[in-house]
There are 2 protein chains.
Amino acid sequence: MKQENTAPTMKDVAREAGVALGTVSKVVNGLPVGEPYRIKVEEAIKKLNYQVNSYAQGLKSSKTYTIAFLIPNTRDPYFANLTYHINLSLLRRKYKMLLCSTDSDSVQEQEYITMVQQNKVDGIIGLIYNPNVIIEENTPFVAIDRSMGPNIPCVASDNFAGGQLAAEKLADLGCKKVAFLRIGSSLDNEPNKRKAGFENGCLARGLDYEMKILNDGDSFEEFERFLIRHMHDGKLTFDGIFCVTDSLAYSVIHMLKNLNLKVPEDVQIIGFDGVRHFGEKDYTCSTIVQPVPEIAEMCVDLLLQENMPTKPPLVCLPVSYEYGGTTLEK
Amino acid sequence: MKQENTAPTMKDVAREAGVALGTVSKVVNGLPVGEPYRIKVEEAIKKLNYQVNSYAQGLKSSKTYTIAFLIPNTRDPYFANLTYHINLSLLRRKYKMLLCSTDSDSVQEQEYITMVQQNKVDGIIGLIYNPNVIIEENTPFVAIDRSMGPNIPCVASDNFAGGQLAAEKLADLGCKKVAFLRIGSSLDNEPNKRKAGFENGCLARGLDYEMKILNDGDSFEEFERFLIRHMHDGKLTFDGIFCVTDSLAYSVIHMLKNLNLKVPEDVQIIGFDGVRHFGEKDYTCSTIVQPVPEIAEMCVDLLLQENMPTKPPLVCLPVSYEYGGTTLEK
């Protein structure tokens, strides 16, 4: 018995075009189909004024062409830049971005991860520093900066090479005794490799070095006490400092100013990230630049690549050094 | 004839609960319904293990609980902060944000506006500087900073009051002759009122003033030439400058440094926006602070408010002044 229905259905289109229902479905969902079939279907769609229902389409094809992006916040300039480039990379592929910046609220992060199981989004790109978040195996997920489990690719800068480059640069710039300052998550993550890279670079170049490492939540004053402990007769025993982020470098430069020390004359500073003033002007300090556009492209490529039998567990992208006023370039 | 169906439908739930289908629909879609009915429906849903299908739900209720947010980019720190707070305001109401930052690509912006007509999103919050973008009447849309047409509310800072406050502050800080520097879109927009407010404040305080106004795309060197034209014997004839944004203030401070002028000793600078270093540290200059969390809340409230017969065409929120190192506070 034929159903009463005013609006034409996909079946009506198939009948009108003289093709199988599956062929109509493929055309509607943008899947490959022989050119003569596509033309027939498109003509039938036009003739019947068939309207693709996006919800029904989502239901049928399980494709929403929407990706969720999880990031602690968009205020931090490095995160803001990452959000910008991932959005551009998605738009270029006609994908949309659902933005979830929750200040690391694990309940809300988990809720977004569940959405992919409910077919509300096709996949997730996430920079998550939350030990409680659980990602089921085979969830279409690409992580940034922190490995989230087996079968989930992680994309990051080559942080080890970046740390090494910072040590080499300080050596090239004439430093004899340097310090490494770090504050951040104690969870296993890629940026932690900056430390090992820096040590490696110092050892290779015979650079004398000390380290001061704080965890998230520790007081910044610890850094000030560390610096004061290394001052003699108003002079710092270090002539170079590598800070784990540009944001930390900014704070350390203020501390040094308060201690009547001049940057870069008394002590040279290199940061990490490549943050620019107002997002696009000069660098906030001499810095190891993360390749943000390339990180964004890689995340999106890996997520949308369907026929990849084994996804790479960790992709490290090359960093570069840029002068930003806090070093003594020749 | 009863349909064969393994999964329970909304009808099955209604039958089980002994209520009308519309009551089940209301409960499922989170609409108000008498408490005893809600309990009956929820029990039936549990008993039958009825799964709300989100696509079908979107189809029935026309509610997606998703809002599109259009912003030129997320790299600019003011935009990054706005994105952050609108995201938080939406999350608090269990809404999701589809982020569209297209570097002002009018075709892509228009595409997102069309989504609301296709029921893919419930509404749009947009900061758009594109004269070509068309928004149909009765589209659920809240604009930021620029009025987009009748029946579309616009939310902005009280830019006029902000300009006035900048003039008053410079007068309070001892300035005698000041300048106003502006670069930006020539389209009608709320931030343009900063100029009129500043003039008004200067006149009220008997402050001598000059203006230099450039349009988007004009060369920044025009500002440098303007400053040089107002120098005599190595001194600037202005002792105060109000810059239309903190970003412009940053560039002007660099120009002044190159001209061997000291900020704030030789000339005091006030910017506009309230941008902080690294999104959360100190202000980049003395500044008129936009109330970003309040702007975000107002946008979301206006968009989601359904039973408002007349939406306010323009909402202006109060600004404040904050010291940021480029003025001579007593």
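What you are looking at is a predicted structure, and each value in this text was computed from that prediction instead of being measured.

## Focus: the environment of Pro32(A)
Link 1 in the chain: The topology assignment puts Pro32(A) in the loop between α2 (21–28) and α3 (35–48).
Link 2 in the chain: Given a relative accessible area of 70%, Pro32(A) falls into the exposed group.

## Observations concerning the relation of the copies chain B and chain A
Link 1 in the chain: With an RMSD of 0.2 Å, the fit of chain B onto chain A corresponds to turning through 180 degrees and sliding 0.0 Å along the axis. As the rotation angle and translation indicate, the two copies are arranged about a two-fold axis.
Link 2 in the chain: Looking at chain B, 100% of its interface residues are interface residues in chain A too, so the copies touch through the same face.

## Let's talk about the pattern of salt bridges
All names here are of chain A.
Link 1 in the chain: Tallied over the full model, the rule gives 28 salt bridges over all chains.
Link 2 in the chain: Arg-15 is the partner of Asp-12 in a salt bridge, and the nearest nitrogen-oxygen pair spans 3.2 Å. Taken together, the positions of Asp-12 and Arg-15, both in helix α1 (residues 10–17) and 3 residues apart, correspond to about one turn of that helix.
Link 3 in the chain: According to the relative accessible area criterion, Arg-15 is exposed, its value standing at 57%.
Link 4 in the chain: Glu-222 serves as the salt-bridge partner of Arg-225, at 3.2 Å between the closest nitrogen and oxygen. On the criterion of helical spacing, the pair formed by Arg-225 and Glu-222 is a turn pair, its members being 3 residues apart in helix α9 (residues 221–229).
Link 5 in the chain: Look at Arg-225 and you get partly exposed, because its relative accessible area is 42%.
Link 6 in the chain: Each of Arg-92, Arg-93, Glu-297 and Asp-301 takes part in one network of salt bridges that share partners.

## Re the nonpolar core
Link 1 in the chain: Leu82(A), Ile86(A), Leu82(B) and Ile86(B) are the most contacted members of the largest nonpolar core, which has 56 residues in total.
Link 2 in the chain: Contacts of Leu82(A), omitting those with residues within four sequence positions, involve Phe69(A), Ile71(A), Leu127(A), Ile144(A), Val292(A) and Ile295(A).

## Details of the domain arrangement of chain A
Link 1 in the chain: When its domains are assigned, chain A resolves into domain 1 (10–52), domain 2 (64–157 + 293–317) and domain 3 (159–291).
Link 2 in the chain: Here domain 1 of chain A and domain 2 of chain A have C-alpha centroids that lie 34 Å from each other.

## Topic: the packing of α1(A) against α3(A)
Residue and element names in this part refer to chain A.
Link 1 in the chain: One can describe the packing of α1 onto α3 by two numbers: an axis separation of 9 Å at closest approach and a directional angle of 120 degrees. Overall, the two elements α1 and α3 adopt an arrangement that is oblique. Note that α1 runs across α3; the crossing there is right-handed. Each of Asp-12, Val-13, Glu-16 and Ala-17 in α1 lies in contact with α3, whose residues at this interface are Lys-40, Val-41, Ala-44, Ile-45, Lys-47 and Leu-48.
Link 2 in the chain: Within the contact of α1 with α3, the residues separate by chemical class into 6 nonpolar, no polar and 4 charged.

Reading guide: rules and limits
- Residues numbered from 1 in each chain as written.
- Chains lettered and ligands numbered in written order.
- Predicted model: local features only at pLDDT ≥ 70, side-chain atom pairs only at ≥ 80, totals over all residues.
- Heavy atoms only, no water.
- Helix = DSSP H or I, 4+ residues; strand = E, 2+ residues; numbered from the N terminus.
- Buried < 20%, exposed > 50% of the residue type's maximum accessible area, 1.4 Å probe, protein only.
- Least-squares fit on C-alpha atoms with pLDDT ≥ 70 in both.
- Contact = heavy atoms within 4.5 Å.
- Salt bridge = Lys/Arg side-chain N within 4 Å of Asp/Glu carboxyl O.
- Core = buried A, V, L, I, M, F, W, Y, C linked by side-chain atoms within 4.5 Å.
- Domains from an automatic or database assignment.
- Axes fitted to C-alpha atoms, helices over the stretch in contact; angles between N-to-C directions.
- Parallel < 35°, antiparallel > 145°, perpendicular 65-115°, else oblique.
- Left-handed = near helix turned anticlockwise from the far one by under 90°.
- Nonpolar A, V, L, I, M, F, W, Y, C, P; charged D, E, K, R; others polar.

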